[in-house]
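Structural characterization, general
The lines below spell out each chain.
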Amino acid sequence: MKKFLFVILLTTYYLLHTTYVNAATPTPTPTTNSNSSDDALNQQITDLKTRIASRVAELNLVEKRGIIARVTEVSGTQITVSDLKEKTRFIDVDELTRFSNPSTTESFGISDIAVGNTIGILGLYNKESRRILARFVNVVSLPIIIHGVIESVDEKLFRVKVISENEKVIYLDVEKTTITFSYSKEKGLVRSGFSKIKGNERIIAIVQTNTDEENLITATRIILLPEISKDPKQENSAKK
Amino acid sequence: MKKEKIIMSFIATLIGLLAAGIAFYLYESSNKVAPSATKTVSVSSPSPSPKPTIFLTLDLPKDEDVVSKKVVTISGTTTPDAIVVIISKDFQDIITPSQNGDFSTTININDGQNIIEITAIGPNGESVITTKTVTFSTEEF
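Residues numbered from 1 in each chain as written. Chains lettered and ligands numbered in written order. Predicted model: local features only at pLDDT ≥ 70, side-chain atom pairs only at ≥ 80, totals over all residues.

Side note on the overall build of chain A
- A tally of helices and strands in chain A yields 3 helices and 12 strands.
- Residues classed as buried in chain A amount to 21% of the 240 residues present.
- For chain A, contacts bridging at least 24 residues in sequence account for 52% of all contacts bridging at least 6. (Helix = DSSP H or I, 4+ residues; strand = E, 2+ residues; numbered from the N terminus. Buried ≥ 20, exposed ≤ 12 C-beta atoms within 10 Å, placed from the backbone. Contact = placed C-beta atoms within 7 Å.)

Quick notes on the interface of chain B and chain A
- Opposite the 22 residues of chain B that make contact, chain A presents 28 residues.
- Those elements that provide at least two residues to the side of chain B that touches chain A are β4 (83–87), β5 (92–95), β7 (112–121) and β8 (127–136) of chain B.
- Top contributing element to the side of chain B that touches chain A by residue count: β7(B), with 5 residues.
- Tallied by class, the residues present in the side of chain B that touches chain A amount to 7 nonpolar, 10 polar and 5 charged. (Nonpolar A, V, L, I, M, F, W, Y, C, P; charged D, E, K, R; others polar.)

Quick word on the domain arrangement of chain A
- Once the domains are mapped, chain A shows domain 1 (62–139) and domain 2 (144–239).
- Computed over C-alpha atoms only, the centres of domain 1 of chain A and domain 2 of chain A are separated by 33 Å. (Domains from an automatic or database assignment.)

Section: unusual backbone geometry
- In the segment running from B:Leu60 into B:Pro61, the intervening peptide bond is cis, with an omega of -5°.
- Examined against the element boundaries, B:Pro61 turns out to sit in the loop between β1 (56–60) and β2 (65–67).
- A positive phi angle is found at A:Arg130, which is not glycine, with a value near 60°.
- Its place among the elements puts A:Arg130 in the loop between β5 (118–126) and β6 (131–139).
- Phi angles above zero are rare outside glycine, and A:Asn200 is one such case at about 65°.
- Structurally, A:Asn200 is set in the loop between β10 (188–192) and β11 (202–209).

Regarding the sheet that holds β8(B)
Residue and element names in this part refer to chain B.
- Strand order in the open sheet formed by 5 strands is β2-β8-β7-β4-β5, with mixed pairing between adjacent strands. In this open sheet, the two edge strands, each paired with only one partner strand, are β2 and β5. Across the sheet, the mean angle separating the axes of adjacent strands is 25° when strand polarity is ignored.
- Summarising the sheet, β7 and β8 pair through 10 bridges and their orientation is antiparallel. Along β8, the bridge assignment pairs Ala-120 with Val-128. (Pairing = 2+ DSSP bridges. Axes fitted to C-alpha atoms, helices over the stretch in contact; angles between N-to-C directions.)

Let's talk about the confidence of the model for chain B
- Per-residue confidence for chain B gives a mean pLDDT of 90; residues scoring 70 or more make up 91%.
- The complex prediction reports pTM at 0.71, with the ipTM value standing at 0.72. (pLDDT = per-residue confidence, 0-100.)

Considerations on the confidence of the model for chain A
- Here chain A shows a mean pLDDT of 85. Residues at 70 or above account for 79%.
- The secondary-structure element of chain A with the lowest mean pLDDT is helix α1 (residues 2–16) of chain A, recorded at 61, while strand β3 (residues 88–92) of chain A shows the highest, at 97.

A short note on the sheet that holds β1(B)
Residues and elements named next belong to chain B.
- Taken together, the 3 strands give an open sheet; going across it, the order is β1-β3-β6, and neighbouring strands pair in antiparallel fashion. Of all strands in the sheet, those with a lone pairing partner are β1 and β6 (102–108), marking the two edges. Pairs of neighbouring strands in the sheet enclose a mean axial angle of 25°, with direction left out of account.
- Relative to β6, strand β3 (residues 71–78) is paired through 7 bridges, and the arrangement is antiparallel.

Re helix α1 (residues 2–30) of chain B
- Relative to the 42 Å expected for 29 residues at 1.5 Å per residue, α1(B) spans 42 Å between its end C-alpha atoms, a close match to the ideal helical length.
- Burial analysis of α1(B) places just 0 of its 29 residues in the buried class, which makes it a mostly uncovered element. (Expected span 1.5 Å × (residues − 1).)

Let's talk about the environment of A:Val149
Residues and elements named next belong to chain A.
- Positionally, Val-149 belongs in strand β7 (residues 144–154).
- Accessibility expressed as a C-beta count within 10 Å gives 21 for Val-149, which makes it buried.
- It is 16 Å that separates the C-alpha atoms of Val-149 and Leu-216, two residues lying 67 residues apart in sequence.

Side note on the environment of B:Ser137
- Relative to the helices and strands, B:Ser137 resides in the segment after β8.
- What makes B:Ser137 partly exposed here is the crowd of 17 C-beta atoms within 10 Å.
- Through-space distance from the C-alpha of B:Ser137 to that of B:Gln113 is 8.7 Å; in sequence the pair is 24 residues apart.
- Once residues within four sequence positions are removed from consideration, B:Ser137 is found in contact with A:Gly66, A:Leu122 and B:Val66.

Okay, here's the thing in structure tokens:
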């Protein structure tokens, strides 16, 4: 019995501890045309792969961006600006950055940019440093868009008194060049005229500021919205 | 003798406690504020600011985007019964969204930076304004 048990144990041991050995693959024999030129080619391929990988990483980190902002500080090779959302942005300039100002024919550079100027910047935005390396910087003039309600119309002076959303009184100068539109659900946005401007109606005006009078501005385009209610915020403040 | 000492110390402790109690009572009674000197202050709970009934979500264009074509798509979502006013330097249009509030249109832009203002105005006059900057450039850098 003991012998039988011993045999069973021995058999089990051998069965469990059997190792499988893969047949050895033959070592590839060196080809006859393998020489130093192949090594150089392989090296070139490796270099190219590395360069492509680094370029891809660089492109993912940097992207083209264009912003409009107001200059708050100019120093050396950096322009600090405040963008349309009042966020401070840092712009780097280098020897490749080109500056322009449409209102001047003379040469224009970083030294000509003053605090308060509104500039357009086109360059490379680095997502990591959150800075823009400017390639093109140009002085721009922004259209001002006024949303408000018409308070009164001066038919002699061709002026419209508007209360803007921030409760500011603005006198819109309607010139011959001013294009007036009117919107209705039925007709959509159609051309209109000064005679169609009525008080107590909602208005959107695209304007240019006049330097002579602070509150008087020339409207380049006017959109009348007679079917649209006044903004509740303005109505509430009017009741107060 | 010992018993007398214990009784005496017990009596002394009692007298001490009594004196301290009287002193504390007198101090507390002097601290009371006369009813005429008090004032009732009512604190009203702050009224929650009314939630805007209109919304505007823009899918396109991406802000600060640089494009190489002069035609830019403007698309997004707003309240279905609102109107959408699109204004740029040389362009204006008013469109109405679909029944689910989606809207889409194309506008032409100028060279360089363009500011596009998109305003959604609800039937009650409430409005939401979003501004995007899109730059047209074919320069390679």
